[in-house]
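# Results of the structural survey
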Amino acid sequence: MQTYVIPFNKPFIAGRELEHITEAVAAGKLSGNGAFTKRCQVWFEERYGFGKCLLTTSCTDALEMAAMLTGVGPGDEVIMPSYTFVSTALAFVRQGAKIVFADSGARHPNLDASRLEELVTERTKVIVPVHYAGCACDMDAIMGIADRHGLKVVEDAAQAVDSWHVGKDGKKRALGSIGHLGCFSFHETKNIIAGEGGMLAVNDPSLARRAEIIWEKGTNRAEFFRGEVNKYGWVDIGSSFLPSELTAAFLWGQLEHLDAIQAKRKRLWELYREELSGAPRDDFALPEIPPWATNNAHCFYLVCRDLDTRTRLIARLKAQGILAVFHYLPLHSSPFFADKHDGRALPNCDRYADTLVRLPLYYELGEDDVRRICRIVLE
Ligand SMILES: *Cc1c(COP(=O)(O)O)cnc(C)c1O
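Residues numbered from 1 in each chain as written. Predicted model: local features only at pLDDT ≥ 70, side-chain atom pairs only at ≥ 80, totals over all residues. Heavy atoms only, no water.

Here the focus is the nonpolar core. Residues Phe-44, Phe-50, Ile-142, Phe-186 and Leu-255 are the most contacted members of the largest nonpolar core, which totals 53 residues. Of all the secondary-structure elements, those providing two or more residues to this core are helix H2 (35–48), strand E1 (52–56), strand E3 (98–102), helix H5 (139–149), strand E9 (198–202), helix H8 (245–255) and helix H9 (258–276). Sorting elements by how many residues they give to this core places H8 first, with six residues. Looking at this core, you find at least three residues from each of domain 1 (17–255) and domain 2 (258–378). Beyond its immediate stretch of four places on either side in the chain, Phe-44 contacts Gly-49, Phe-50, Cys-53, Val-161, Phe-186, Met-199 and Leu-255. If you look at the next biggest cluster of nonpolar residues, it comprises 47 residues, including Ala-97, Tyr-132, Val-154 and Ile-214. (Core = buried A, V, L, I, M, F, W, Y, C linked by side-chain atoms within 4.5 Å. Buried < 20%, exposed > 50% of the residue type's maximum accessible area, 1.4 Å probe, protein only. Helix = DSSP H or I, 4+ residues; strand = E, 2+ residues; numbered from the N terminus. Domains from an automatic or database assignment. Contact = heavy atoms within 4.5 Å.)

If you want it as structure tokens, here you go:
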């Protein structure tokens, strides 16, 4: 395995994460739903206006909980972009639903909301917008379609912590707070990390009680510990979706420094943009932030002219010890899904899969590192 002078990502300690873990151990409660878990959940609810928040062991888990809560099953259709991570689709496939993949926009990897309604049928139950790079999908359009057709909206906000959507009504809403359910990731490659970790925001109050039961292995244990029922037992489907207090203690150490982490990432992101904005535009395009979106500096990417340009760029960076990566392989033509897809071409998705490259961006990346990377890109 090659070691890189500048890796693509590097997990980091922001402050008192290790002290908090020590405190959790000393308190003698390491299983889930303890003091640190509650502290993190309340912090998110208060800061971003989310409905009930439940920490999970990953965003994949949060998506699985969301899929269960929407009640989808065989015969139901769920619309989502093909240009996304496997987990977005997997959660709904496991419930037996049929996935209808949408294309990305011409100028942004997010799903093309202007062509979303033509995918809605009698059987559609859920839309899953994915806020790529933490950049808001056109939520006015998506929520409008959902309202007209009585659909649930599950936001895949895995990359979208601390990012916002500004609606036509002028209201600024945190991503993950707009749909009925919002799913977040604290995987070590995201802005705020806990190793593996995630969270479900339950914005539709009618789903809150069931969410807690699904979270606690299909039992009403949480209600029992609050003294609301005098015994607890098996009342529904569910699984073990709670992270341990060790994970929550680490996460709390990150949340205490969220503003500093975000400020640092945004500085690096802006530096990339400044350094590369003078480049000839036919070789690559810089990320575009739509007027309704904010930038949370989750990732800095380039859209290259073609696959060959991208391959050469990645090789050139690699030769200098710098790891740049691409993703996603389109889900509609994946080995698992190709024979289930309805045959529609998704040209924008395919183009991003071939031409998008992500440059290193992490908390401890230096400004000199960014300048150095940009010099090589410009060459
Ligand atoms: C990272 C990511 C996930 C999965 O998150 P995990 O916490 O690793 O399960 C899901 N969807 C998107 C868009 C992601 O970027």
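Here the narrative resumes, following the displayed structure.
With the rule as written, the count across this model stands at four cavities of 30 Å³ or more. Taken as a whole, the largest cavity holds about 60 Å³ of empty space. Taken together, Phe-8, Asn-9, Thr-189, Arg-265, His-298, Cys-299, Phe-300, Arg-358, Leu-359 and Leu-361 make up the lining of the largest cavity. Residues that form the lining of the largest cavity fall into these classes: five nonpolar, three polar and two charged. Considering only enclosed or pocket space, the second largest cavity measures out at about 40 Å³ in volume. In terms of lining residues, the second largest cavity is bounded by His-108, Ala-133, Cys-135, Trp-269, Pro-287, Glu-288, Ile-289, Asn-295, Cys-299 and Tyr-301. Considering only residue class, the lining of the second largest cavity consists of seven nonpolar, two polar and one charged. Residue assignment places the lining of the second largest cavity across two domains, with domain 1 (17–255) and domain 2 (258–378) each supplying three or more. (1 Å grid on protein atoms, 1.4 Å probe; cavity = no way out; pocket = protein on both sides within 12 Å on 5 of 7 lines; lining within 4 Å. Points joined across faces, edges and corners; volume = space filled by probe spheres on them. Nonpolar A, V, L, I, M, F, W, Y, C, P; charged D, E, K, R; others polar.)

Let's shift gears to the layout of surface pockets. Size it by volume and the largest pocket reaches roughly 420 Å³. In terms of lining residues, the largest pocket is bounded by 23 residues, among which Phe-85, Ser-185, His-187, Thr-189 and Lys-190 are the most central. Looking at the lining of the largest pocket, the elements with two or more residues in it are helix H3 (59–70) and helix H4 (86–93). It is H3 that provides the largest number of residues to the lining of the largest pocket, a total of three residues. Grouping the constituent residues of the lining of the largest pocket by class yields seven nonpolar, 12 polar and four charged. Here the lining of the largest pocket gathers at least three residues from each of two domains, domain 1 (17–255) and domain 2 (258–378).

Let us look at the pairing of E3. Burial within E3 is extensive, with four of its five residues counted as buried. Relative to E3, strand E2 (residues 77–81) runs parallel, the two sharing five bridges. Bridge assignment links Val-78 to a residue of E3, and that residue is Ile-99. Taken together, E2, H4 and E3 form a β-α-β motif whose crossover is right-handed. (Pairing = 2+ DSSP bridges. Right-handed = clockwise from strand over helix to strand, strands pointing away.)

What follows is about the environment of Val-25. One can find Val-25 in helix H1 (residues 17–27). Residue classification places Val-25 among the partly exposed residues on the basis of a relative accessible area of 48%. Considered as a pair, Val-25 and Gln-254 are 229 residues apart in the sequence and their alpha carbons are 18 Å apart. Leaving out residues up to four positions away in the same chain, Val-25 has contacts with Leu-30 and Leu-246.

Let's shift gears to the pattern of salt bridges. In this structure the tally under the stated criterion is 32 salt bridges. Here Glu-117 ties to Arg-148 by a salt bridge, and the two come within 3.0 Å at their closest N and O atoms. Taken together, the residues span a long stretch of sequence, with Glu-117 in the loop between E3 and strand E4 (124–127) and Arg-148 in helix H5 at a distance of 31 residues. Residue Arg-148 is classed as exposed on the basis of its relative accessible area, which comes to 56%. The shortest N-O distance in the salt bridge between Arg-273 and Glu-270 comes to 3.4 Å. Here the residue Arg-273 and the residue Glu-270 both occupy positions in helix H9, the gap between them amounting to three residues, near one helical turn. (Salt bridge = Lys/Arg side-chain N within 4 Å of Asp/Glu carboxyl O.)

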